[in-house]
Amino acid sequence: MASTYHQVYGGWKSDPERFWAEAAKAIDWSRPWDSVFDAEAGMYGQWFAGAECNTCHNALDRHVAGGRADQLALIYDSPMAQEVRKYTYTELKREVVALASVMKNQGIAKGDRVIIYMPMVPEAVFAMLACARLGAIHSVVFGGFAARELATRIDDARPKMIISASCGLEPGRIVEYKPLLDGAIELAKYKPERCLVLQREQRRCDLVEGRDLDLADQMARERAAGANVDCVPVAATDPLYVLYTSGTTGQPKGVVRDNGGHMVALKWSMENEFGVKPGEVFWAASDVGWVVGHSYIVYAPLLHGCTTILFEGKPVGTPDPGTFWRVIADHGVVSLFTAPTAFRAIKGQDPDGTFIRKYDLSGLRALFLAGERADPPTLAWAEAKLGVPVIDHWWQTETGHPISHNPVGLGMLPVKHGSPGVSMPGFDVQVIDDAGHPVPHGKMGNVVIKLPLPPGCLPTLWHADDRFRDAYLAEFPGYYKTADAGYLDDDGYLFIMARTDDIINVAGHRLSTGGMEEVVAEHPDVAECAVVGIADAVKGQIPCGFVVLSSGRDRDANELEREIVALVRDKIGAVAAFKTVIPVKRLPKTRSGKILRGTIQKIADKEDWKMPATIDDPAILDEIGEALRKHGIGV
Ligand code: COA
Ligand code: AMP
């Protein structure tokens, strides 16, 4: 089919308000908007101002009433727990209502915050939707984060309630969540009133008298009592959730998502960008703790009336590199969305695709990759082995849905390996130099988006308008700064090449090297440090710490490494994947004292690098090269 992309994109550009008003017809509103876009409101304007709606109603009740009552809504498939559970729309609604009733009985109401710190279990989805039903604001914290990270989020979000579980399941180990939860509450200045805890059979936990309640018991009681909780109408501009993401310091940014614009944008993306129809099975192999999980495990597929898969496992080792293909074949998945790192892991263990041939994948139509740069060899391998289009697309926690894509639903455009496609309606993506001037096609620069951002993107940061302005709007007036660097080609395809800040992407997980440096610097023997992301064949990037010891300290390098690695694991969490520490005598700096992290990374990755003109002492770079070689890096 010839692509209608150019026509549709042109239509959006000529009249954005008409475009989004048309898209908004796919959503149920309890009160219509006063204006599609109010340019005077908020930080850069607000979408659907004056309208009222409820996200849970649109994700569940509407489908139950509209003919999908007996269709599967959610399939939980866990090779970790050896369990598969399926919920129709009616059943999912029943669970969500039961949990909403428990929460309501505990005083949770519109605008209250609820932190969800859970592994990949259906109760995490129930909790998100129950918050939406009550108009409460959820904040899901990824299970791989340690107590201190959770405490930071508790203090910022000030949740009335935390919903958690006794444990998570990682290959070869059980992760006890409860000590982390208790530790975080202990560390936090703000104390939540109530915790609901899911007791998992793999490892039960003790409940704190007077604070903790057993989630399953409470839900069973509400179910038995036939509890009913209606959807609470909220303003389209009210927050649905806050999702913390790595910023340029150890203090994460609380990305706010509203209700109305979010629904409109996600619903539009399912049909037009992902090419999926209501009733079909869509699988995002991510985690509910990340934005991909929020948007494409939970909200978009349910808003669109699809069946969504919640997979608790890894692409390899649970039990083998065929697990993705087994899930696709067992549940009739039409589209898979995951991070390139998952495919690099599979390719590493099954280079010939032997496991792929064991399963009937005839129903699979496309593979979507995002979260980090998709390297062309991995793309080519996936295309050859799966025989379906492999589509790289680019977005951020902040935008909530794809900025650039190859819109399957509008008819595919030619694929260019290395490019995550073309700008989607809503996004006027431009590339500019540091002075804010446009750069010619093919030339690298700052990737920015002309304001206003479309529906679905963050309206601000949680209780931090100034930080939002400083981080995203101040540097290039009139534009949103993505903090990605890249270029546009003559056909309008974007190429994302690097971050312009301290963010690195480790196994598709967004992490701040600045946040890691803050922790490394806490070690009593460390005088100074730099953490840089270096290339890794599977995870894309991994963090590597360079430390200068305080004067007079002489430490065994292996012992020091063990201590610092343990410190980062304890303070940030296992997800940081921080395993390497290299002691050095000095760090390379500019004459004004800035550490030359970019140059260190290039030396480690054996990329071409130029001697920075402003370097203080060029000899230090030789010392860094030598230290890396001793570690077997960059040789
Ligand atoms: N709870 C607790 N610990 C967790 C966790 C969770 N939810 N998720 C990861 N961890 C731990 C891991 O067990 C690992 O611990 P270890 O150091 O003891 O081995 C550590 O955090 C690092 O995790 P990760 O970087 O994910 O490495 P991995 O070896 O466990 O898995 C991949 C590597 C590539 C298989 C996996 O990251 C993956 O499937 N990624 C692609 C999908 C994805 O998550 N995308 C995210 C955004 S789309
Ligand atoms: P997150 O907020 O975790 O989704 O991470 C967003 C960042 O991941 C972006 O700013 C990019 O740096 C990177 N990223 C996401 N998708 C892609 C992609 N398809 N290609 C290149 N980088 C990507």
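Residues numbered from 1 in each chain as written. Chains lettered and ligands numbered in written order. Predicted model: local features only at pLDDT ≥ 70, side-chain atom pairs only at ≥ 80, totals over all residues. Heavy atoms only, no water.

### Thoughts on the site of ligand 2
- Taken together, 15 residues form the shell around ligand 2, and within it His393, Thr397, Asp484, Arg499 and Arg510 come nearest.
- Contact distances for ligand 2 include 2.6 Å between an oxygen atom and a side-chain N or O atom of Arg499.
- Between ligand 2 and the protein, one listed contact pairs an oxygen atom with a side-chain N or O atom of Arg510 at 2.7 Å.
- Contact with the protein chains hides 93% of the accessible area of ligand 2, taken as 490 Å² for the molecule alone.
- Residues that form the shell around ligand 2 fall into these classes: 4 nonpolar, 5 polar and 6 charged. (Near = heavy atom within 4 Å. Polar contact = N/O pair within 3.5 Å; in protein donor to acceptor, adjacent residues only side chain to side chain. Areas by Shrake-Rupley, 256 points an atom, 1.4 Å probe, with all protein chains shown as cover. Nonpolar A, V, L, I, M, F, W, Y, C, P; charged D, E, K, R; others polar.)

### A closer look at the sheet that holds strand S23 (residues 429–432)
- Strands sit in the order S23-S24-S25-S26 across an open sheet of 4 strands; the sheet is antiparallel. Each having just a single partner strand, S23 and strand S26 (494–499) make up the two edges of the open sheet. Geometrically, the sheet is characterised by an average inter-axis angle of 50° between neighbouring strands, direction not taken into account.
- Both S23 and strand S24 (residues 445–450) contribute to a ladder of 4 bridges, which runs antiparallel. Across the sheet, residue Val429 finds its bridge partner in S24, namely Ile449. (Pairing = 2+ DSSP bridges. Helix = DSSP H or I, 4+ residues; strand = E, 2+ residues; numbered from the N terminus. Axes fitted to C-alpha atoms, helices over the stretch in contact; angles between N-to-C directions.)

### Focus on the site of ligand 1
- In the vicinity of ligand 1 there are 24 residues, among which Glu170, Arg173, Lys539, Arg569 and Lys579 approach most closely.
- Backbone polar atom of Gly144 to a nitrogen atom of ligand 1: 3.5 Å apart, as the coordinates give it.
- For ligand 1, whose unbound accessible area comes to 950 Å², protein coverage reaches 83%.
- Elements supplying a minimum of two residues to the shell around ligand 1: strand S10 (173–176) and helix H12 (340–349).
- Residue composition of the shell around ligand 1, grouped by class: 12 nonpolar, 6 polar and 6 charged.
- Split by domain, the shell around ligand 1 shows at least three residues from each of two domains, domain 1 (5–313 + 393–486) and domain 2 (507–630). (Domains from an automatic or database assignment.)

### Digging into the sheet that holds strand S20 (residues 390–392)
- Strands sit in the order S5-S4-S17-S16-S18-S19-S20 across an open sheet of 7 strands; the sheet is mixed. The open sheet has two edge strands with one neighbour each: strand S5 (83–88) and S20. Adjacent strand axes in the sheet meet at a mean angle of 20° when their direction is disregarded.
- Judged from the 4 bridges that link them, strand S16 (residues 281–284) and strand S18 (residues 333–338) form a sheet pairing that is parallel.

### Remarks on the packing of aromatic side chains
- Counted according to the given criterion, the structure contains 33 aromatic pairs.
- Relative to Trp290, the ring of Phe142 has its centre 4.4 Å away and its plane inclined at 35°; by these criteria the two rings are tilted. Taken together, the positions of Phe142 in the loop between strand S7 (137–140) and helix H6 (147–157) and Trp290 in the loop between S16 and helix H10 (291–303) put the pair 148 residues apart, joining distant regions of the chain. Each member of the pair, Phe142 as well as Trp290, is classed as buried.
- One cation-aromatic arrangement involves Arg153 over Phe145; the distance from NZ or CZ to the ring centre is 4.6 Å.
- Its end group placed over the ring of Tyr493, Lys416 keeps NZ or CZ at 4.5 Å from the ring centre. (Phe/Tyr/Trp six-rings, centres within 6.5 Å; stacked < 30°, edge-to-face > 60°. Buried < 20%, exposed > 50% of the residue type's maximum accessible area, 1.4 Å probe, protein only. Lys NZ or Arg CZ within 6 Å of the ring centre and 35° of its normal.)

### A word on the pattern of salt bridges
- Applying the stated rule across the entire model yields 42 salt bridges.
- For Asp61, the salt bridge identified is with Arg133, shortest N-O distance 2.8 Å. Here Asp61 is found in helix H3 (residues 55–68), whereas its partner Arg133 is found in helix H5 (residues 122–134), with 72 residues between them in sequence.
- For Asp61, a relative accessible area of 13% gives the class buried.
- Overall, Arg133 belongs to the buried group, its relative accessible area being 1%.
- One salt bridge in this structure joins Asp182 and Lys178, with 3.4 Å as the shortest N-O distance. Separated by 4 residues within a single helix, Asp182 and Lys178 lie in helix H7 (residues 177–187), roughly one turn from each other.
- According to the relative accessible area criterion, Asp182 is partly exposed, its value standing at 26%.
- Taken together, the salt bridges that share partners define one network made up of Asp525, Arg553, Arg555, Glu559 and Glu563. (Salt bridge = Lys/Arg side-chain N within 4 Å of Asp/Glu carboxyl O.)

### Quick look at helix H11 (residues 323–331)
- Where burial is concerned, most of H11 is hidden: 7 out of the 9 residues are buried.
- Where H11 is concerned, the buried positions are Thr323, Phe324, Trp325, Arg326, Val327, Ile328 and His331.
- A positive backbone phi angle near 70° is found at Gly332, which sits one or two residues after H11.

### Points about the domain arrangement of the protein
- Assigned domains of the protein: these are domain 1 (5–313 + 393–486) and domain 2 (507–630).
- Across the contact, 17 residues belong to domain 1 and 15 residues belong to domain 2.
- Summing both sides of the interface, domain 1 and domain 2 together bury roughly 1200 Å²; the carbon and sulfur share of this comes to 46%.
- When the buried area of domain 1 at its contact with domain 2 is split by residue, Arg148, Ser246 and Trp290 rank highest and sum to 40% of it.
- On the surface where domain 1 and domain 2 come into contact, there are 2 salt bridges.
- Scanning the region where domain 1 abuts domain 2 turns up 6 residue pairs in polar contact (both at pLDDT 80 or more).
- Classifying every residue of the side of domain 1 that touches domain 2 by side-chain character gives 4 nonpolar, 9 polar and 4 charged. (Contact = heavy atoms within 4.5 Å. Buried area = accessible area lost by both parts, 1.4 Å probe.)

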